[in-house]
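Close look at the chain arrangement
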Amino acid sequence: MQRICIDKGVTSRKMPDSYTNLLYHLVFSTKDRRPLITPDYEVRLYDYIGGTVRKLGGISLALNGTADHVHLLTKLRPDRAVSDVLRELKASATGWMHDVFPALKDFRWQRGYGAFTVSQSHVESVRRYIAGQKEHHQKISVSRRVH
């Protein structure tokens, strides 16, 4: 039901609730781009990251990467700064990796990250881009060796 407020002859429509659709494509790398996210660890790490996003009030829409970096398409809450979410996410994932995989005691994330807003109309193309990360980076690697 829509409320109309009339104040001194001025009619305005008030929005009773807030609506946000804060979509981000986040990219973050292992420290020194070390290739530590091997197939042995990848699935469990991605599951953990997705669960952490949920605990922080977000929704993980796509998650993939390579041995040295992660791409995450996520919807975040308006009361959480992207920098805070990434700091908590990376700190939590680092501790988890150390606990679950003791052989990775040197696992760390780079301090920086990439954060890009995504319009709803581009969600599916970003999902496809994230899903194809391994193939994308194989092509780049082959291209660099050839040239």
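Presented here is an overview of the structure given in this document. All values reported here derive from a predicted model rather than from experimental measurement. (Residues numbered from 1 in each chain as written. Predicted model: local features only at pLDDT ≥ 70, side-chain atom pairs only at ≥ 80, totals over all residues. Heavy atoms only, no water.)

Details of helix α2 (residues 82-100)
Cut-off, in case you're wondering: Secondary structure elements follow DSSP: runs of H or I of four or more residues count as helices, runs of E of two or more count as strands, with numbering from the N terminus. Any helix carries an expected span of 1.5 Å times its number of residues minus one. Under the scheme applied here, a residue whose accessible area is under 20% of the maximum for its type counts as buried, over 50% as exposed, and between as partly exposed, the area being computed with a 1.4 Å probe on protein chains only. To obtain the arc, one takes the directions from the helix axis to the C-beta atoms.
With 19 residues, α2 should cover 27 Å at 1.5 Å per step; its first-to-last C-alpha distance of 26 Å lies within 8% of that length. Within α2, burial applies to Val82, Val85, Leu86, Leu89, Lys90, Ala93, Thr94, Trp96 and Met97. One side of α2 holds all its buried residues, which, seen down the axis, span an arc of 170°. Away from its buried face by more than 90 degrees, α2 exposes Arg87, Ala91 and Asp99.

So, the sheet that holds strand β5 (residues 69-76)
Note on sheets: strands pair through backbone hydrogen bonds, and any given pair is parallel or antiparallel. This is how the line gets drawn: Any two strands between which DSSP finds at least two bridges are classified as paired. Structural elements are reduced to axes, namely lines fitted to C-alpha atoms, with helices fitted over the stretch in contact, and the angle between N-to-C directions of any two is expressed from 0 to 180 degrees. What makes two residues a contact is simply this: any of their non-hydrogen atoms within 4.5 Å.
On the basis of which strands lie adjacent, the open sheet formed by four strands has the order β4-β5-β3-β6 and antiparallel pairing. Of all strands in the sheet, those with a lone pairing partner are β4 (59-65) and β6 (114-117), marking the two edges. Neighbour-to-neighbour, the strand axes of the sheet open up by a mean angle of 15°, direction not taken into account. In this sheet, β5 lies alongside β4 in antiparallel orientation, the contact comprising six bridges. Each residue of the ladder has a partner; that of glycine 65, found in β5, is valine 70. Along the sheet, helix α1 (residues 39-55) makes contact with β3 (22-29), β4 and β5, crossing β4 at roughly 155°. Packing of α2 onto the sheet brings it into contact with β3, β5 and β6, and relative to β3 it is tilted by some 45°.

Considering the pairing of β3
Of all eight residues making up β3, seven are buried, and the element is well covered by its neighbours. Pairing of β3 with β5, which is carried by eight bridges, proceeds in the antiparallel orientation. Looking across to β5, one finds that valine 27 is bridged to histidine 71. The pairing of β3 with β6 spans four bridges and is classified as antiparallel. Paired with tyrosine 24 across the two strands is threonine 117, which belongs to β6.

Some remarks on the pattern of salt bridges
Test applied: For this document, the term salt bridge refers to a Lys or Arg side-chain nitrogen within 4 Å of an Asp or Glu carboxyl oxygen.
According to the stated counting rule, one finds six salt bridges in the structure shown. Its salt-bridge partner being lysine 105, residue aspartate 106 comes within 4.0 Å of it at the nearest N-O pair. A relative accessible area of 46% means that aspartate 106 is categorised as partly exposed. Glutamate 124 is paired through a salt bridge with arginine 127; the nearest N and O atoms lie 3.1 Å apart. One end of the pair, glutamate 124, and the other, arginine 127, are both in helix α3 (residues 123-131), three residues apart, so they sit about a helical turn from each other. Residue glutamate 124 is classed as partly exposed on the basis of its relative accessible area of 45%.

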